[in-house]
Amino acid sequence: MNKKDATLTSRDPVISSLQPRPQAVPSSVSVGLRTARITLAKAAPMVSSNFYLLLGVTLFMVAFGLMMVLSSSSVGSKIDDSSSFSVFLRQGTYALVGIPLLLVASRLPSTFWKRSAWIVLAGGCLLQLLVIASPLGVTVNGNRNWLQLGSLPALQPSELIKVGVVLWLGMFLSRKQHRIAQFSQALMPTILVTGTAIVLVAIGGDLGTSVILIGIVLGALFFAGIPLRHLALLTAISATIAILTALSRPNRVSRILAFLQPSTADYSGTGWQIQNGYFALGDGGIFGVGLGNSKAKWSWLPAVDTDFIFAVIGEELGLIGGCLVLILIIVLGVAFLRIIRATPDPFARVVTASILVWIVGQALVNIAVVLGMLPVLGVPLPLISAGGTALISSLLAIGIVLSLSRETDTRDPLPRRMPELHRRRAQRTGPTSRVPAK
Amino acid sequence: MTSRRSTRNRIAVAIVVITAVVAVLVVKLVDIQVVQASSLNAQAYDKLSVGQTLYGARGDIVDSTGTVLATTVIRYDVTASPKDVADFTQTVNGAAVDVTPLQAAGQIGAITGQSATDVYALLTADPSSGYALIIKAIDLDKYNAIRALSIPWLQYQTNPQRVYPNGSVGGNLVGYLGADSSTNGGLEAKENQCLTGSDGSQTYEKGADGVAIPNTLVVDKAPVTGGTVMTTIDSDLQYYSQQVLAQQVTSTKAEWGSVVVEEVKTGKLLAVAQYPTPDPNNLDATDPHFWGATAFSDPFEPGSTFKAESAAALIDAGKATPATQVLVPYRYKAPGGSVITDSENHDPAQWTLTGVIQESSNVGISILSAMLTTQQRYDYMKKFHLGEKTEVNFPGESEGILGDPSQWGEQTLYNSSFGQGVTTTAAQIASIYQTLGNGGVRLPVSLVSGCKAADGSVSEQPSTQGEQVISSDAAQQTVNMMQSVVTGGYAASLLKIPGYNVAAKTGTAEVSNGQGAYGGGYLTSVAGLAPAEAPQYVVSVNLMKPVTIEDGSAAAPVFQKIMSQVLQKYRVLPSTTPAVNYPTSY
């Protein structure tokens, strides 16, 4: 693709928003349209710079993550499996599954996602039920969050629930666009459905994922245009519930106490992880100790390749590496926000906003935990930390955003340079209503 | 109706929130990684760093050819942490096997030679303790065997041990290590400063499981190995001397014996043998009195070997020649009233000074020595460095006793000419003969030829500055007179060495009983030089209170064998001139 095209394309939505333009395609003609699009793609790619920005940052973070997983897990892998590469190779395999999944997902139409929303959410909840209520559930570090199916790698259905909740929110809230301010029409059903899913996750004990899910719901509602007073109310309720849940388990209480009073934290107990994370970051300084030279990974820092991988990044690559990760997160956020701004489709907007909260929000929460600014919640760093289900579900989520971005862009009045093409397409699809056809 | 403006506003809010959060995180990150970094690193270092001692091994003691007489080896102490003793998993032929502490005790015991119950008792004596010694100072093979058991609650400490590979060869010289440096003995004590290494230290950082993190090892202070003490001893000759001496001491039922072999041209001691001699590896098998070197520490009245000194003094002072004639009765009543007798009854004999030496006449040498004043005789003794320690300055070395000549009694006035009433050490006797053999030039006696530091530099080299004690002529004439002892004295047949002219003097000294009287045995001795025409080696043999033979004949075979060995070993050319044959009578 040609650079000039990309620049033009990215500016287009701003200009086009001032004028009427072709709108969402009825599903009945979508097959025909897709055929046309494929043909066009050969001549001139119909995707915006947002698409490539998001795809590029995502792939870079996955590659960077693999590198850091290799470095941080090498010692633990050697001890557990007598091969320094075991965790890395497993993570690489997940990436090899997840990236094609992302590319395939990016090609699917929004209608597919809308239709699959209920199925994915219901499927995720069903699997989560298996986790919490059947012997197939596996408890790790006090959290019953894993599903062991035969000899398959353990799965985290809560990650699938995230995808389901995101899709459901997009589907439901976009449908309720006009009644978004009505409590019983929009907020009430949302609370009921997503609340069920969140409760299922919370029963398993995964407070971190529950909090992220609550964040996803709040973010979706925010970008769906819910009145701010509803949002404030919901936030207050969620916070209360979250705190009560947190206090219901002694291991969480001690974690929170350790956070609130670091000086009284038992050095070898709850404060251990944070303290060793600090030592790692301090060791790194500005320039880092160099890739592979972390000391924290020598059994000092628990969850060194998952929840605390940021400490190893900060140690090996220094302040520079830490800031790089933060910049990547900002770029990711900007890419999501540009896609939100570019799309007129409320489904795309709500889904992208949810995934923004998921990926960017979770990343910021993870780093804040490592930096001791939040209690230890147990959430990994998206796209970077080791963890198969989490990586695949994140990549799937970004694939969904890419597909929505692609759809928005192809509907854009790109062909100002190709008026003929534009005219032809307009003729074929015809003027449609603003609201997607039901 | 959602307006695009509303969306834009909310996007703006999202941008502000994300930016603000990231800004806060960056500030915190800078705070941790830059502002607090040094204090965090100090805390982490305290937690991660492990200091280790690097042993600067004690140096070796070697003989003149480099044969190691004393060295340091690394041994290992095995300790356990009883409070951690528990079952553990062992991999046997690829399969994981659960091992109980009692089974582990059996495995340890099978390697160390302890019984399973003994080891188990050590492990369980104090279950709350973090320390229990299992065994000390095991060698590398056993250490590796125990390590291979992969018992998690065992710890290992290196324990440098002193060993003496040649055992009792030179055991009297090498000495021993005591509980601290003040209780060391022999060269271990004398050369302690040279031998002592300095320990170094290193620090590494460890993982939480104790593993050393790669690239964190820092040597804070390099260890320095102690210096090597190079002795003048020839361990082969030392061994031979000890063997021959041991045989003779045993067969004559003597209390003890000593042999000193000294090189005439250098003053180096080639062998300082004694019997009994200690094995520093097993000191307790030997009477503590013999843990040191008796040749330095145990003075005795030398007896007739001392007549050579008296004769040399007479000749050097111009008071006599080898042919000086003297009428020697068996019993002589001196002007002061004291009475001297020879060992064997004889008619008054017309002997020359040579004859007096050959016949070892106490009367003859007493009469002739009276030609020198007491002070002159004392001064000669002092010039031969009698009454003072040799340059070796061996731990416990005795000066011998000459006493104050002005206080010598009437008897001592004469007795001192034939080696009674004064005491010398075996080393001092050897030094007298070295002086005689070296044209009257006394060389400092040396046992240590230097201390070679780890960097190869050599210090403590002994002085080679000689002193002319008597004239060259006097010295050679004295040696020549002693050839008659080997050609015609009572022990001649025992002293002869085919092919070489040998000069020697026997001695049979009465031993003081410690209460001012003589009685209860003799010190029999031979001291001599070879080849007599150009002396190269001194051999001095002393046997204390032999029972089966009570005169110089007891020591003579030892002298003959050792001198033969020396001449052979150092490839001394046989004599080409006949033995000097001064007239012994007139």
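Residues numbered from 1 in each chain as written. Chains lettered and ligands numbered in written order. Predicted model: local features only at pLDDT ≥ 70, side-chain atom pairs only at ≥ 80, totals over all residues. Heavy atoms only, no water.

A. Spatial organisation of the packing of helix H3 (residues 101-112) of chain B against helix H5 (residues 140-147) of chain B. Residue and element names in this part refer to chain B. Running from amino to carboxyl end, H3 crosses H5 at an angle of 165°, the nearest separation of the two axes being 10 Å. Taken together, the axes of H3 and H5 lie roughly antiparallel to each other. In this structure, H3 meets H5 at a crossing whose hand is right-handed. On H5, the residues that touch Ile 108, Ile 111 and Thr 112 of H3 are Lys 142, Ala 145 and Ile 146. In terms of residue class, the contact of H3 with H5 is made up of four nonpolar, one polar and one charged. (Axes fitted to C-alpha atoms, helices over the stretch in contact; angles between N-to-C directions. Helix = DSSP H or I, 4+ residues; strand = E, 2+ residues; numbered from the N terminus. Parallel < 35°, antiparallel > 145°, perpendicular 65-115°, else oblique. Left-handed = near helix turned anticlockwise from the far one by under 90°. Contact = heavy atoms within 4.5 Å. Nonpolar A, V, L, I, M, F, W, Y, C, P; charged D, E, K, R; others polar.)

B. The arrangement of the pattern of salt bridges in detail. Following the criterion strictly, the structure yields twelve salt bridges over all chains and no others. With a closest N to O distance of 3.4 Å, A:Glu316 and A:Lys297 form a salt bridge. Note that A:Glu316 is positioned in helix H12 (residues 309-342) and A:Lys297 in the loop between helix H11 (271-284) and H12, a separation of 19 residues in sequence. As far as the burial class goes, A:Glu316 and A:Lys297 line up, both buried. The partner of B:Glu391 in a salt bridge is B:Arg442, with the nearest N and O atoms 2.9 Å apart. Taken together, the residues span a long stretch of sequence, with B:Glu391 in the loop between helix H14 (374-383) and helix H15 (410-415) and B:Arg442 in strand S17 (residues 441-442) at a distance of 51 residues. (Salt bridge = Lys/Arg side-chain N within 4 Å of Asp/Glu carboxyl O. Buried < 20%, exposed > 50% of the residue type's maximum accessible area, 1.4 Å probe, protein only.)

C. Highlighting the pairing of strand S8 (residues 200-205) of chain B. Residues and elements named next belong to chain B. Most of S8 is tucked away: five of the six residues are buried. Two strands pair when backbone bridges link them, and strand S1 (residues 49-54) and S8 are joined in this way by six bridges, in the antiparallel orientation. Across the sheet, residue Thr 53 finds its bridge partner in S8, namely Ser 201. Both S8 and strand S9 (residues 218-221) contribute to a ladder of three bridges, which runs antiparallel. Counted as the bridge partner of Thr 203 is Val 218 from S9. (Pairing = 2+ DSSP bridges.)

D. Structural view of the packing of aromatic side chains. Inspection of every chain in the model, using the stated rule, returns 15 aromatic pairs over all chains. Ring geometry for A:Trp168 versus A:Phe172: centroids 4.6 Å apart, planes at 10°, classification stacked. Placement of the pair is A:Trp168 and A:Phe172 together in helix H6 (residues 157-175), with a separation of four residues, close to one helical turn. A relative accessible area of 1% means that A:Trp168 is categorised as buried. Aromatic pair B:Tyr143 and B:Tyr156: ring centres 5.4 Å apart, planes at 85°, arrangement edge-to-face. (Phe/Tyr/Trp six-rings, centres within 6.5 Å; stacked < 30°, edge-to-face > 60°.)

E. Here's a closer look at helix H3 (residues 49-81) of chain A. By the largest-angle criterion, A:Ser73 marks the main kink of H3(A), which is about 50°. Looking one or two places after H3(A), you find A:Ser82, whose phi comes out positive at around 55°. (Bend = angle between axes of the 7 residues up to and from the residue.)

F. Representation of the confidence of the model for chain A. Residue and element names in this part refer to chain A. Per-residue confidence for chain A averages 80 on the pLDDT scale, and 79% of its residues sit at or above 70. Looking at the elements of chain A, mean pLDDT is at its lowest for helix H1 (residues 3-16), recorded as 39, and at its highest for helix H4 (residues 86-105), recorded as 94. Contacts from residues 412-418, a stretch scored under 50 in pLDDT, to residues over four places away or in other chains number 18 contacts. (pLDDT = per-residue confidence, 0-100.)

G. Highlighting the state of the cysteines. Residues and elements named next belong to chain B. Enumeration over the complete set of coordinates arrives at one disulfide over all chains. With a sulfur-sulfur separation of 2.0 Å, Cys 194 is cross-linked through a disulfide to Cys 451. Handedness of the Cys 194-Cys 451 disulfide follows from its S-S torsion of about 90°: it is right-handed. Of this pair, Cys 194 sits in helix H8 (residues 192-195) while Cys 451 is found in strand S18 (residues 448-452), placing the two residues 257 residues apart along the sequence. The two residues Cys 194 and Cys 451 agree in class, both being buried. (Disulfide = S-S within 2.5 Å.)

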